[in-house]
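Breakdown of the fold
If you want the building blocks of each chain, they are given just below.
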Amino acid sequence: LARGGLLDMDTHSVHSDSMESYLADWDLRADNPSEEARELFYAAPGGVRTTEPFSTDNRWVSLDVDAENGCIHSMEHPCTEEGGLVVLRGNIAPNGSVFKTAGVDEESFRFTGPARVVESQEEAVSVILKKVIQPGDVLVVRYEGPAGGPGMQEMLHPTAFLKGAGLGKKCALITDGRFSGGSSGLSIGHIAPEAAAGGPIGLIQDGDIVTIDVYERKLHAEISSDELERRRAEMEAKDKPWRPATRERHVSQALRAYAWMASSADKGAVRIVPD
């Protein structure tokens, strides 16, 4: 990053007089790295159990300093021109959503299909296994966000079952829940605001056409603003709005308290105590 001009070299370091001098000593691709750096980076796993730090003398035979084909590429030879995560926005996710593009081929960077709405990850798994979800569908899993879950559970099971059903490249999944690093395919999470907070993902209905466009950073439903407002008014007229209608889940008192104070995913899902 420093060689590519992407680091602020004026930033001070707690372990060196300057960022520039620190990198000069510790960058093995530099002209004259320090002996301390060589000693550290050549240290290899000892392969034996020990309770004393630095008590083995195993050393790597060589180090990976290939800037073109090695583990860490130079700016001139990137694996990809962009990182592995992008933020998509639109009328489904006004405050953003997160898509791990590293888990899909670029041919899937644009995807459009009808919504199939469920209100829990358990229901998502059920409709996948019952073959309700068909190629081309966009599975919408809502009320799994920080307050809606509550707790924003990991959504690995639905994506795993989609992949196991052979739909990993044929369907998309969008949710106000979260994913781990093990997710793949067209899986978009962290939609904000979440459904439990009145986010428009709570207004999506079966059959609504959803478009995902990585190039335009867009997550959009083909619904007019007037229709969304009509649905919002209808939702807020209910006795208990912005809650899942078809889910039974035990929620402890601690999680109920968290849900009452939880901010949305784009705010870090931290607790904010009302005045």
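What this report covers is the structure whose coordinates are included nearby. Because the structure is a prediction, the values reported are computed rather than measured.

Helices and strands together make up the secondary structure of the protein chain, namely six helices and eight strands. Order of helices (α) and strands (β) in the protein chain, N terminus to C terminus: α-α-β-β-β-α-β-α-β-β-β-β-α-α. For 275 residues, the compact-globule formula gives about 19 Å, and the C-alpha radius of gyration of the protein chain, at 24 Å, lies well above that figure. Each principal axis of the C-alpha atoms in the protein chain carries an extent, and together these give about 70 × 45 × 40 Å. By residue count, 37% of the 275 residues in the protein chain fall in the buried class. Intrachain contacts of the protein chain at a sequence separation of at least 6 include 59% that bridge at least 24 residues. Of the roughly 16500 Å² of accessible surface on the protein chain, 51% is carried by carbon and sulfur atoms.

A separate point is the packing of aromatic side chains. To describe a pair of aromatic rings, you give the distance between the ring centres and the angle between the ring planes. Tallied over the entire structure, the rule returns three aromatic pairs. Every member of this aromatic cluster is reached through a ring pair, and the members are Y22, W26 and F41.

Of all the positions in helix α3 (residues 121–129), only Q121, A124, V125, V127 and I128 are classed as buried. One side of α3 holds all its buried residues, which, seen down the axis, span an arc of 165°. Downstream of α3 by a residue or two, K131 has a phi angle that is positive, lying close to 65°.

Before going further, it helps to examine the environment of G83. Here G83 is to be found in the loop between α2 (35–42) and β1 (85–88). The sequence separation of G83 and P33 amounts to 50 residues, and the corresponding C-alpha distance is 28 Å.

Attention now goes to the sheet that holds β1. Within a beta sheet, neighbouring strands are joined by backbone hydrogen bonds and run either parallel or antiparallel to one another. Ordered in space as β1-β2-β6-β5-β4-β3-β7-β8, the eight strands form an open sheet in which the pairing is mixed. Looking at which strands have only one partner, the edges of the open sheet turn out to be β1 and β8 (218–221). Geometrically, the sheet is characterised by an average inter-axis angle of 25° between neighbouring strands, direction not taken into account. On the sheet, α3 packs against β3 (110–118) and β4 (138–141) and is oriented at approximately 155° with respect to β4.

With the rule as written, the count across this model stands at zero disulfides. No disulfide involves C79; its sulfur sits 8.5 Å from that of C71, the nearest cysteine.

Okay, a nonpolar patch on the surface next. Taken together, the side chains of L1, L6, L7, M9 and M75 define a hydrophobic patch exposed on the protein surface, amounting to about 470 Å² of accessible area. Mapped onto the elements of the fold, M75 is located in the loop between α2 and β1.

Rules behind the numbers
Within each chain, residues carry numbers counting from 1 in the order of the written sequence. A pLDDT threshold of at least 70 governs which residues receive local features in this predicted model, and a stricter bar of 80 or more applies before side-chain atom pairs are shown or counted, although totals over entire chains, interfaces and linings include all residues. With hydrogens and water set aside, each side-chain value is computed from the structure's full complement of heavy atoms. Here a helix means four or more residues in a row that DSSP labels H or I, a strand means two or more in a row labelled E, and each is numbered from the N terminus. To get the radius of gyration, use the C-alpha atoms; to get the globule rule, take the number of residues to the power 0.38 and multiply by 2.2 Å. Accessibility here uses a 1.4 Å probe with only protein chains present; expressed as a share of the type maximum, an area under 20% marks a residue as buried, one over 50% as exposed, and anything in between as partly exposed. Only heavy atoms enter the contact rule, under which two residues are in contact if any of them lie within 4.5 Å. Each accessible area value is a Shrake-Rupley result obtained with a 1.4 Å probe; residue values ignore everything except the protein chains displayed when judging cover. For Phe, Tyr and Trp, rings pair up if their centres lie within 6.5 Å, where Trp contributes its six-membered ring, and each pair is then called stacked (planes under 30 degrees apart), edge-to-face (over 60) or tilted (otherwise). Directions pointing from the helix axis toward each C-beta atom define the arc. Strand pairing is assigned whenever DSSP detects at least two bridges linking the two strands. The angle between two axes is taken between their N-to-C directions and runs from 0 to 180 degrees, where each axis is a line fitted to C-alpha atoms and a helix contributes only its stretch in contact. Cysteine sulfur atoms are paired as a disulfide whenever they come within 2.5 Å of each other. Exposure above 30% relative accessible area and the lack of any salt bridge qualify a residue for a patch; like charges then connect within 9 Å, and the nonpolar side chains Val, Leu, Ile, Met, Phe, Trp and Tyr within 5 Å. Put simply, a salt bridge is a Lys or Arg side-chain nitrogen that is within 4 Å of an Asp or Glu carboxyl oxygen.

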